[in-house]
Amino acid sequence: MVREILIWPDPILKQKALPVDKVDDGVRRLLDDMSETMYAADGVGLAAPQIGVLKRCIVIDASPRQEGQKLIHLVNPRIVRAEGETVYTEGCLSIPGEAEDVDRFAKVWVRALDYSGKEFEVEAEELLAIALQHENDHLEGTVFVDHLSSLKRELIRRRMKKLKAEHASETPAEVKKAAQHQSAL
Ligand code: GNR
Ligand code: NI
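Worth saying up front: this structure is predicted, and the values here are computed from it rather than measured.

What counts and how
- Residues numbered from 1 in each chain as written.
- Chains lettered and ligands numbered in written order.
- Predicted model: local features only at pLDDT ≥ 70, side-chain atom pairs only at ≥ 80, totals over all residues.
- Heavy atoms only, no water.
- Helix = DSSP H or I, 4+ residues; strand = E, 2+ residues; numbered from the N terminus.
- Areas by Shrake-Rupley, 256 points an atom, 1.4 Å probe, with all protein chains shown as cover.
- Salt bridge = Lys/Arg side-chain N within 4 Å of Asp/Glu carboxyl O.
- Buried < 20%, exposed > 50% of the residue type's maximum accessible area, 1.4 Å probe, protein only.
- Near = heavy atom within 4 Å.
- Polar contact = N/O pair within 3.5 Å; in protein donor to acceptor, adjacent residues only side chain to side chain.
- Phe/Tyr/Trp six-rings, centres within 6.5 Å; stacked < 30°, edge-to-face > 60°.
- Lys NZ or Arg CZ within 6 Å of the ring centre and 35° of its normal.

> Mind showing me how you'd approach the overall build of the protein chain here?
Within the protein chain, the secondary structure is distributed over four helices and seven strands. The helix and strand sequence of the protein chain, counted from the amino end, reads α-β-β-β-β-β-β-β-α-α-α. Summed over all atoms, the accessible surface of the protein chain reaches about 10,500 Å², with 50% contributed by carbon and sulfur.

Next up, the structure:
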């Protein structure tokens, strides 16, 4: 099921997510909803707090051109090693229309539980490494604008406030559907 993605600033997005104690069917259902939501929104990754669930779950597909091909589920991920530096122009599904340069590690090693609850380790560079750090931030209650100057962050906050106000005035499903129809023409 495609879920609604929370837009920053939202108090949920500032909270720390809790560890999952067992990868059961409920957690797998959450992971399925997350990947469905990520693909529907054309994202590279998604963290559970973005759909309002404070659990340490992440999905990433750094090659969204072939849907399902490189889908990675990470439960209770932890960065066990990081090296190098890079700058990447990041976006976030919770901060639509914004993109800014963020300093990140160039390479990371992440250990997590997979869809079946088995531990695995992934060694990542380039976009996958960026996405892993970006999603790990979400689990800690941090978004990419927290890495920017307060001036940039406050400008973005104002634009998101405006976007939310516009959205709120259009909330009825009929209106939303009509808008989607319009933009598809
Ligand atoms: O879809 C996404 N694209 C992206 C681009 C550059 C750096 C990070 C990302 S992650 C983002 C999806 C998202 O918001 N995940 O939390
Ligand atoms: Ni994000």
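> Would you mind going over the pattern of salt bridges with me for this structure?
Pairs may arise between side chains of opposite charge once their charged atoms sit close together. Counted according to the given criterion, the structure contains 13 salt bridges. Between arginine 81 and glutamate 83 there is a salt bridge, with its nearest N and O atoms 3.1 Å apart. Residue classification places glutamate 83 among the partly exposed positions, given a relative accessible area of 37%. The partner of arginine 104 in a salt bridge is glutamate 90, with the nearest N and O atoms 2.7 Å apart.

> For this particular structure, what's the right way to read the site of ligand 1?
Taken together, 14 residues form the shell around ligand 1, and within it Val44, Gln50, Leu93, Glu135 and His138 come nearest. The contact in question runs from an oxygen atom of ligand 1 to an N or O atom on the backbone of valine 44, over 2.9 Å. Between ligand 1 and the protein, one listed contact pairs an oxygen atom with a side-chain N or O atom of histidine 134 at 3.1 Å. Protein chains shield 91% of the accessible area of ligand 1, which is 380 Å² for the free molecule. When contributions to the shell around ligand 1 are tallied by element, the ones reaching two or more residues are strand S4 (86–90) and helix H2 (126–139). Tallying contributions element by element places H2 first for the shell around ligand 1, with four residues.

> Just checking my understanding: could you explain the packing of aromatic side chains for this structure?
Two aromatic rings, taken as a pair, are described by how far apart their centres are and by the angle between their planes. Summed over all chains, the structure comprises zero aromatic pairs. Across the ring face of tryptophan 109, the terminal group of arginine 81 is positioned such that the distance to the ring centre comes to 4.0 Å.

> Looking at this structure, I do not really get unusual backbone geometry. What am I missing?
For residues other than glycine, phi is negative in most cases, and the peptide bonds are mostly trans. Here tryptophan 8 and proline 9 are connected by a cis peptide whose omega angle stands at 0°. Looking at the element boundaries, proline 9 is found in the segment before helix H1 (25–40). The phi dihedral of aspartate 42 is positive, around 60°, even though this residue is not glycine. By the secondary structure assignment, aspartate 42 is in the loop between H1 and strand S1 (45–47). What makes aspartate 42 exposed here is its relative accessible area of 56%. With a phi close to 55°, glutamate 126 is a non-glycine residue in the positive phi region. As for its placement among the helices and strands, glutamate 126 is situated in helix H2.

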